[in-house]
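A closer look at the structure
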Amino acid sequence: MEKGLMSFWEEAYQSEDAAAFSVEPNATLKEFEGMFSRQSRILEIGCGEGQNVLYLARQGYCNVDAFDLSEHGIAKLKRRCEKENLQINAFVADLTAYEFEKNYDCVMSFGTLHFVPKTEWRAMIERAKAHTNVGGIHIMQIFTDTVPAPAHIAPFAVGIAKDGEIRELYHDWEILQFKSYTFEDEHPGEPKHLHASNKIVARKVQAGR
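We now turn to the structure provided with this report. (Residues numbered from 1 in each chain as written. Predicted model: local features only at pLDDT ≥ 70, side-chain atom pairs only at ≥ 80, totals over all residues. Heavy atoms only, no water.)

1. Here we look at the pairing of strand β3 (residues 89-92)
Relative to β3, strand β2 (residues 64-68) runs parallel, the two sharing four bridges. Looking at β3, one finds that Phe67 is bridged to Phe91. With respect to chirality, the unit in which β2 leads through helix α4 (residues 71-84) into the neighbouring parallel β3 is right-handed. (Pairing = 2+ DSSP bridges. Helix = DSSP H or I, 4+ residues; strand = E, 2+ residues; numbered from the N terminus. Right-handed = clockwise from strand over helix to strand, strands pointing away.)

2. Quick look at the pattern of salt bridges
All chains considered together, the criterion is met by ten salt bridges. Between Lys129 and Glu126 there is a salt bridge whose closest N-O contact spans 4.0 Å. Residue Lys129 and its partner Glu126 are located together in helix α5 (residues 118-130), separated by three residues, close to a single helical turn. For Lys129, a relative accessible area of 0% puts it in the buried group. (Salt bridge = Lys/Arg side-chain N within 4 Å of Asp/Glu carboxyl O. Buried < 20%, exposed > 50% of the residue type's maximum accessible area, 1.4 Å probe, protein only.)

3. Here's the deal with α5
For α5, which comprises 13 residues, the first-to-last C-alpha distance of 19 Å matches the rise-based estimate of 18 Å (1.5 Å per residue) to within 8%. Taken as a whole, α5 has its buried residues at Trp121, Met124, Ile125, Arg127, Ala128 and Lys129. Looking at the buried side of α5, the elements it contacts are β1 (42-45), β2, β4 (104-110), β5 (132-143) and α6 (165-168). (Expected span 1.5 Å × (residues − 1). Contact = heavy atoms within 4.5 Å.)

4. Section: the nonpolar core
In terms of nonpolar packing, the biggest core is built from 25 residues, with Leu29, Leu56, Leu77, Ile88, Met108 and Ile139 touching the most fellow members. Taken together, the elements giving at least two residues each to this core come down to α2 (27-32), α3 (51-58), β2, α4, β4 and β5. No other element matches α3, which puts five residues into this core. Counting 24 residues, the second-largest nonpolar core is a separate cluster that includes Leu43, Phe100, Leu113 and Tyr170. (Core = buried A, V, L, I, M, F, W, Y, C linked by side-chain atoms within 4.5 Å.)

5. Points about the side chain of Asn52
Along the polypeptide, Asn52 turns up in helix α3. Note on Asn52: relative accessible area 4%, which makes it buried. Side chain to side chain, Asn52 and Glu44 meet in a polar contact 3.0 Å long. Asn52 has contacts with Pro25, Asn26, Leu29, Glu44, Met108 and Phe110, leaving out every residue within four places of it along the chain. (Polar contact = N/O pair within 3.5 Å; in protein donor to acceptor, adjacent residues only side chain to side chain.)

6. What to know about the packing of aromatic side chains
Scanning all chains against the criterion turns up seven aromatic pairs. An angle of 75° between the planes, with centres 5.0 Å apart, marks the rings of Tyr98 and Phe100 as edge-to-face. Ring centres of Phe100 and Tyr104 lie 6.2 Å apart, and the angle between their planes is 70°; this geometry places the pair in the edge-to-face category. Taken individually, Phe100 and Tyr104 each receive the classification buried, so the pair is uniform in this respect. By way of ring pairs, the aromatic residues Phe67, Phe91, Tyr98, Phe100 and Tyr104 are connected into one cluster. Against the face of Tyr170 rests Lys129, its NZ or CZ located 5.4 Å from the ring centre. (Phe/Tyr/Trp six-rings, centres within 6.5 Å; stacked < 30°, edge-to-face > 60°. Lys NZ or Arg CZ within 6 Å of the ring centre and 35° of its normal.)

Shown next, in the form of structure tokens:
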């Protein structure tokens, strides 16, 4: 990564009027939220400014943790929680060094894992699997190398996955959904572009991993 290079999302996190990504929760989260209860322990890895966990808190989920490397993103999320009187345990953390202190019923990450080296995100998934309750689910989305990363993303995307690679890490879980796809995207100040992505939803069916 170039020294001093600032991502578009860091710029957006510092503005109350801009949204780095969608203001709506991820569609797959809404599709599968019926698999856990309002008391379930939920963690989002790389929550950014928090559209997914804000949605959950608004629906009455009361054990929601979320972290991001960005201090600006977490500060923005906390301001939103305060404004709406929502309870989310949001904190700054580096996913490459994060150590779990409890088990979860749902662990999710959308568009974050590829921003750390591949060995690091693979290790994070293994730690998350070990700290997921039996019957719990993971919802993970990561960019793949099926199409090249766009120029404004490429300097940061140091851990792009091979197509299907993330699915291999869940060979011992029940795969509820797996998608390999490309989609058109657009961000503040950036042209429209394509991403290649894998998204997986998997359920832990036995103790251990």
